[in-house]
Amino acid sequence: MSILNYIDTHCHLDGEEFAQDRDAVVQRAREAGCTRIFLPAIDVASCQSVIDVCRQYPDYCYPMLGLHPEEVKADWKEQLDKLKQLITSHFSLLTSIGEIGLDYYWSREFEHEQLEAFETQVQWAVDLQLPLMIHCRKAQNEMVQIIKKYAHALPGGVFHCFTGNEQEARQLLDFENFVLGIGGVLTFKKSHLPEVLPAVVPLDRIVLETDAPYMAPVPMRGQRNESAFIHYVITRLAEVYGVTEEDICRQTNANVARVFGKAHHF
């Protein structure tokens, strides 16, 4: 069987979970056919660790910088000021602004601050013409309202870790330059994605991701996730769409090139 070539568009490879064996994790990814890994930052501190790891693996790991909604606290404006400086100074390296978004799953304590921080970073994406990597939990309506305001000017992006229903998928697909990030959840026993995706989501609107070290696919569920495990997702996607694994890789790679290609020639 030929090696599949694919891209992991969302992996926290800079995390301490990979501190002891990062080289081995990257080597396994390469051997599995992963040709690039995109690393999202979640706050100012991780911006530096993301950049450091991407420098360690040039032309293989690519950074995204942003303030994750769960990291939006009372000092969010100060964080964004520092982030903006980092984005400006590392602009040539960036694939996108991310991981940003809204998350009301655990708490609504900083609900309004999240909205402001998200909209500010969306405005940066418009100004810099960089795509977005969007995290959204229990806040799709609020997130959609903000994106709608800028949809005509945004270059596109990814709705990371899509796990929704057909109606939610249709709502997101209305943003023509955006794609859905699909990972390990597709393989979970209780997931509705095997029905939802082929029903309403064309293959040219999907990119692959791990969200490693989280969300490992079956049969690795419960373990630390890594980019090499995407082949389980590719296998399941091929099954639900009735195409070959090569078709999945070819199309998702083309989708990455379309969404992120202005920043880099993928």
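Placed above this text is the structure.
If you're wondering where the values come from, they're calculated on a predicted model, not measured in any experiment.

Novice: I'd like to hear about empty space enclosed by the protein, residue by residue, with values.
Specialist: A probe as big as a water molecule, rolled over the atoms, marks out the empty space that is left. Inspection of every chain in the model, using the stated rule, returns one cavity of 30 Å³ or more. Size it by volume and the largest cavity reaches roughly 60 Å³. Its residues assigned to classes, the lining of the largest cavity comprises five nonpolar, five polar and two charged.

Novice: Tell me about the environment of Thr-163, and name the residues and values.
Specialist: With respect to the helices, strands and loops of the structure, Thr-163 is situated in the loop between strand 6 (157-159) and helix 6 (166-173). Residue classification places Thr-163 among the partly exposed residues on the basis of a relative accessible area of 46%. Remark: the alpha-carbon pair of Thr-163 and Gly-183, spanning 20 residues in sequence, is separated by 9.3 Å.

Novice: How would you explain the packing of helix 2 (residues 44-56) against helix 3 (residues 76-89) if you had to name every residue and give the values?
Specialist: Each pair of packed helices can be summarised by the angle the axes make with each other and by the distance between the axes. At a closest axis distance of 9 Å, the pairing of helix 2 and helix 3 adopts a crossing angle of 20°. What the angle tells us is that helix 2 and helix 3 run roughly parallel. Between helix 2 and helix 3, the residues in contact are Val-44, Cys-47 and Gln-48 and Gln-79, Lys-82, Leu-83 and Leu-86, respectively. When its residues are assigned to classes, the contact of helix 2 with helix 3 shows four nonpolar, two polar and one charged.

Novice: Tell me what's going on with the packing of helix 7 (residues 193-200) against helix 8 (residues 230-241), and back it up with residues and numbers.
Specialist: Orientation of helix 7 relative to helix 8, taken along the N-to-C sense of each, is 60°, at an axis distance of 9 Å. Considering the angle they form, helix 7 stands oblique to helix 8. Crossing angle aside, the handedness with which helix 7 passes helix 8 is right-handed. Together, Pro-194, Leu-197 and Pro-198 of helix 7 and Arg-236, Leu-237, Val-240 and Tyr-241 of helix 8 make up the contact between the two elements. Looking at the contact of helix 7 with helix 8 residue by residue, the classes come out as six nonpolar, no polar and one charged.

What counts as what
Residues numbered from 1 in each chain as written. Predicted model: local features only at pLDDT ≥ 70, side-chain atom pairs only at ≥ 80, totals over all residues. Heavy atoms only, no water. 1 Å grid on protein atoms, 1.4 Å probe; cavity = no way out; pocket = protein on both sides within 12 Å on 5 of 7 lines; lining within 4 Å. Points joined across faces, edges and corners; volume = space filled by probe spheres on them. Nonpolar A, V, L, I, M, F, W, Y, C, P; charged D, E, K, R; others polar. Helix = DSSP H or I, 4+ residues; strand = E, 2+ residues; numbered from the N terminus. Buried < 20%, exposed > 50% of the residue type's maximum accessible area, 1.4 Å probe, protein only. Axes fitted to C-alpha atoms, helices over the stretch in contact; angles between N-to-C directions. Parallel < 35°, antiparallel > 145°, perpendicular 65-115°, else oblique. Contact = heavy atoms within 4.5 Å. Left-handed = near helix turned anticlockwise from the far one by under 90°.

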